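Examining the three-dimensional arrangement
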Amino acid sequence: MPTYRDEALVLRTHKLGEADRIITLLSRRRGKIRAVAKGVRRTSSKFGARLEPFSHVDLQFAEGRSLDVVTQVESLDAFGPALTEDYPTYTAGQVMLETADRLVVEEGEPSLQQYLLLVGALRVLNRGTADGPRPASMVLDSYLLRALAVAGYAPSFHDCARCGVVGPHTAFSPVAGGVVCERCRPAGASRPSPDTLELLGALLEGRWVDTRDVPTSTAREASGITSAFATWHLDRNLRSLVHVER
């Protein structure tokens, strides 16, 4: 039976039969993988704890007819234990897993950028940014904006998202894809503060130095805009997003 290895992050699991689980993973080389972990629910299983959501692992698979089978697992990063000790961090991580699962649709299609982005975001949740710790909700907002950009939904926070006229502009519309000029402004567009738009641009580009000492009101407004933008472009609400503390 042919085998292969890959690094992956566990997105979700569900039960199969009396002792097995189907594991959904986002991998470095093969994108999304759904595989069977046999006997993993037994207390005697050698690698059951390594195949829980948030586990970053190196795996060997045996190719199967419908689903591949996990045959070996080595832990690379155990993000889960640290995340579960802090509710805001844990819920932010859950949204990240759900978003990656939603954005990477086709199984077996490489999605290296989404994989690297997810692993990096979970590391930041655990260890802080290169410029020090940031609130979990801010790390999540940065991840959501960047993951959507990789998927082809990059928001504009300076030039008009519809006609391209050079900004800055003061209206924002998730439907239009970002800030809009007065001529393109649709009904219902919000008017975030200039500081909020500056913060959103920094989060999208990963400029953590520019996110220091942000007022709570600015961070909260940025989170609301990010949530609305993600919800629109993912077609429906992320189930875990409602539990995030903002």
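Please refer to the structure placed before this passage.
Worth saying up front: this structure is predicted, and the values here are computed from it rather than measured.

1. Re the side chain of threonine 89
Within the secondary structure, threonine 89 sits in helix H2 (residues 87–103). Residue classification places threonine 89 among the buried residues on the basis of a relative accessible area of 12%. Separated by 2.5 Å, the side chains of threonine 89 and aspartate 86 make a polar contact. In this view, threonine 89 contacts Leu83, Leu125 and Ala136; residues no more than four positions away in its chain are not counted.

2. Notes on the pairing of strand E2 (residues 20–27)
Of all eight residues that make up E2, seven are buried, and the element is covered over most of its length. As judged from the eight bridges shared by strand E1 (residues 3–16) and E2, these two strands associate in the antiparallel manner. Looking across to E2, one finds that lysine 15 is bridged to arginine 21. The antiparallel pairing of E1 with E2 creates a hairpin that spans three residues between the two strands, and glycine 17 there sits at a positive phi of about 65 degrees. Two strands pair when backbone bridges link them, and E2 and strand E3 (residues 31–37) are joined in this way by seven bridges, in the antiparallel orientation. Counted as the bridge partner of arginine 21 is alanine 37 from E3. The antiparallel pairing of E2 with E3 creates a hairpin that spans three residues between the two strands.

3. Digging into the sheet that holds E2
In space, the five strands of this closed barrel follow the order E1-E2-E3-E5-E4, with mixed pairing throughout. Within the sheet, the average angular offset between the axes of one strand and its neighbour, ignoring direction, is 45 degrees. Sitting on the sheet, H2 is in contact with E1, E2 and E3, with an inclination near 110 degrees to E1. Each of E1, E2, strand E4 (55–62) and strand E5 (68–78) touches helix H3 (residues 112–127); the most contacted strand, E1, lies at about 65 degrees to it.

Analysis parameters
- Residues numbered from 1 in each chain as written.
- Predicted model: local features only at pLDDT ≥ 70, side-chain atom pairs only at ≥ 80, totals over all residues.
- Heavy atoms only, no water.
- Helix = DSSP H or I, 4+ residues; strand = E, 2+ residues; numbered from the N terminus.
- Buried < 20%, exposed > 50% of the residue type's maximum accessible area, 1.4 Å probe, protein only.
- Polar contact = N/O pair within 3.5 Å; in protein donor to acceptor, adjacent residues only side chain to side chain.
- Contact = heavy atoms within 4.5 Å.
- Pairing = 2+ DSSP bridges.
- Axes fitted to C-alpha atoms, helices over the stretch in contact; angles between N-to-C directions.

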